[in-house]
Amino acid sequence: MPEGDTVWNTARVLHRALAGARITSSDFRVPRLATTDLSGWAVRESASRGKHLLLRLATPDDAHWTLHSHLRMDGAWRAYAPGERWTGRPAHLIRVVLRSPGAVAVGYHLHEMTLVPTAEEDQVVGPLGPDLLGPDWDPAEAVRRLADHPELTIGEALLDQRNLAGVGNLYKCEVLFLRGVSPWTPVGEVPDLPGLVSLAQRLLAANRGRWTQSSTGSLHRGQTSYVYGRRAQPCRRCGTAIRKEELGDRVTYWCPVCQPEHPGPAESG
Ligand SMILES: [Zn+2]
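About the thresholds
Residues numbered from 1 in each chain as written. Predicted model: local features only at pLDDT ≥ 70, side-chain atom pairs only at ≥ 80, totals over all residues. Heavy atoms only, no water. Helix = DSSP H or I, 4+ residues; strand = E, 2+ residues; numbered from the N terminus. Rg over C-alpha atoms; globule rule 2.2 N^0.38 Å. Buried < 20%, exposed > 50% of the residue type's maximum accessible area, 1.4 Å probe, protein only. Contact = heavy atoms within 4.5 Å. Areas by Shrake-Rupley, 256 points an atom, 1.4 Å probe, with all protein chains shown as cover. Lys, Arg positive; Asp, Glu negative; His and termini not counted. Charge placed at Lys NZ, Arg CZ, Asp CG, Glu CD. Donors = N, O, S within 2.8 Å, 3.2 Å for Na, K, Ca; no water. Axes fitted to C-alpha atoms, helices over the stretch in contact; angles between N-to-C directions. Parallel < 35°, antiparallel > 145°, perpendicular 65-115°, else oblique. Left-handed = near helix turned anticlockwise from the far one by under 90°. Nonpolar A, V, L, I, M, F, W, Y, C, P; charged D, E, K, R; others polar. Pairing = 2+ DSSP bridges.

A. Broad picture of the overall build of the protein chain. Counting its secondary structure elements, the protein chain contains six helices and 10 strands. Against the 2.2 N^0.38 benchmark of 18 Å for 269 residues, the protein chain shows a C-alpha radius of gyration of 21 Å, consistent with a compact globule. Dimensions of the protein chain, computed from the C-alpha atoms along their principal axes, are close to 75 × 35 × 30 Å. Looking at the protein chain as a whole, 50% of its 269 residues qualify as buried. Long-range pairs, those at least 24 residues apart, make up 59% of the contacts in the protein chain between residues at least 6 apart in sequence. Per element, the accessible surface of the protein chain, about 12,900 Å² overall, is 49% carbon and sulfur. The average position of the 31 basic charges and that of the 29 acidic charges among the side chains of the protein chain differ by 9 Å.

B. Region of the structure containing the coordination of the zinc ion. Within the first shell, the zinc ion binds the protein through Cys235 (SG), Cys238 (SG), Cys255 (SG) and Cys258 (SG), at distances of 2.3 to 2.4 Å. The sequence motif formed by the donor residues of the zinc ion is C-x2-C-x16-C-x2-C. Separated by 20 residues along the polypeptide, Cys238 in the loop between helix H6 (193-206) and strand E9 (243-247) and Cys258 in the segment after strand E10 (250-254) bring together distant segments of the chain. Judged by its relative accessible area of 35%, Cys238 falls in the partly exposed class.

C. Quick peek at the packing of helix H3 (residues 139-147) against H6. Where H3 meets H6, the axes come as close as 10 Å, and the angle between the chain directions of the two elements is 120°. Regarding the angle of H3 to H6, the classification is oblique. Regarding H3 and H6, the two cross each other, and that crossing is right-handed. Counting all contacts with H3, which are made through Pro139, Ala142, Val143, Leu146 and Ala147, the residues of H6 involved are Leu193, Pro194 and Val197. Its residues placed into classes, the contact of H3 with H6 shows eight nonpolar, no polar and no charged.

D. The arrangement of the sheet that holds strand E7 (residues 104-108) in detail. In space, the four strands of this open sheet follow the order E1-E6-E7-E5, with antiparallel pairing throughout. Since the sheet does not close on itself, it has two edges, and those belong to strand E1 (25-28) and strand E5 (76-80), each with one partner. The mean angle between the axes of side-by-side strands here comes to 10°, regardless of whether they run parallel or antiparallel. Both E1 and strand E6 (residues 94-99) contribute to a ladder of four bridges, which runs antiparallel. Paired with Ser26 across the two strands is Leu98, which belongs to E6. Relative to the sheet, helix H1 (residues 4-18) contacts E5, E6 and E7, its axis offset from that of E5 by approximately 30°.

Geometric values such as these leave the question of function open.
Written out as C-alpha cells, the structure is:
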C-alpha cells in the first residue's frame, strides 16, 4: 500500500531513471492528457510531497511544468531499460509512458494525473501539513495542527494529510499500537502527542529505501506488522485477538487490551 515512504521510494526511482534526461516520446492514456506531447522536454527532478508524486520538467524554452500524480491505493511507477520487458502490471492499467535515451518510465493506475506550471504545484497538492519525509519536516507544527482539533479521533486525525503528510492506514494502525493508544481516543486525550508524531516519522524514515514495509523490524512475510492486516490473529504482545472495524471511511486494526479506550488503572471487582 503506498504510504509516504513508498511514494518517496518511487520518486527516487524516477529521479535516477530520468533526471537530467530529455524525453524522446510520451504516450498519455488518460483523456485529459491524450493530446499532450512532452517530446523534447527535459526532466529536472522527481520529488514527493506526502503521497503526491511530482515530476518536474522544463520545456525546450525552459518553462517549468510539473507532471503530478497520486498513487492512492493501487498506483505505481516503474522504470525499465530501453528494450527491457515491462513486467510491472497488465498493459490496460498503463496511464503514461515516458521514454528517454536511457530509460522508459511507465505509470500504472495513476490518479489525478495533471500537468501544471511548477509555480502552481500547491494547487494540485492541496493544503498539506508538514511532510514526514520532507526536507522541511516540522514536528512541532504537525503537533500543533493535530491539537487544533482535539475532538477528532486520533485514528482519523493521523490520516488527514492537512495535519501531517505521509501517514497512511498501515502506519496509523502500527503507531497507535506501539504507543498503546486506542484509535478512538480523542486527540485532546492522547497522552503524548509529540512522542506519537515522532514515532510516526521514525517508522516512515526507517522504511525509506526498501519496498517491504515493516513496523516490527522483521521483513519476513506475515511478521511485518503488529496489528495491520491481522484481524482475529493473536496480539504479538498479549495474545488477545486483534480487532478490525471501520473508523471514519477507513478500517482500523487494534488490540483492545494493549490499546484500551480509557487508559488508566485497572478496575477492580
Ligand atoms: Zn495486545
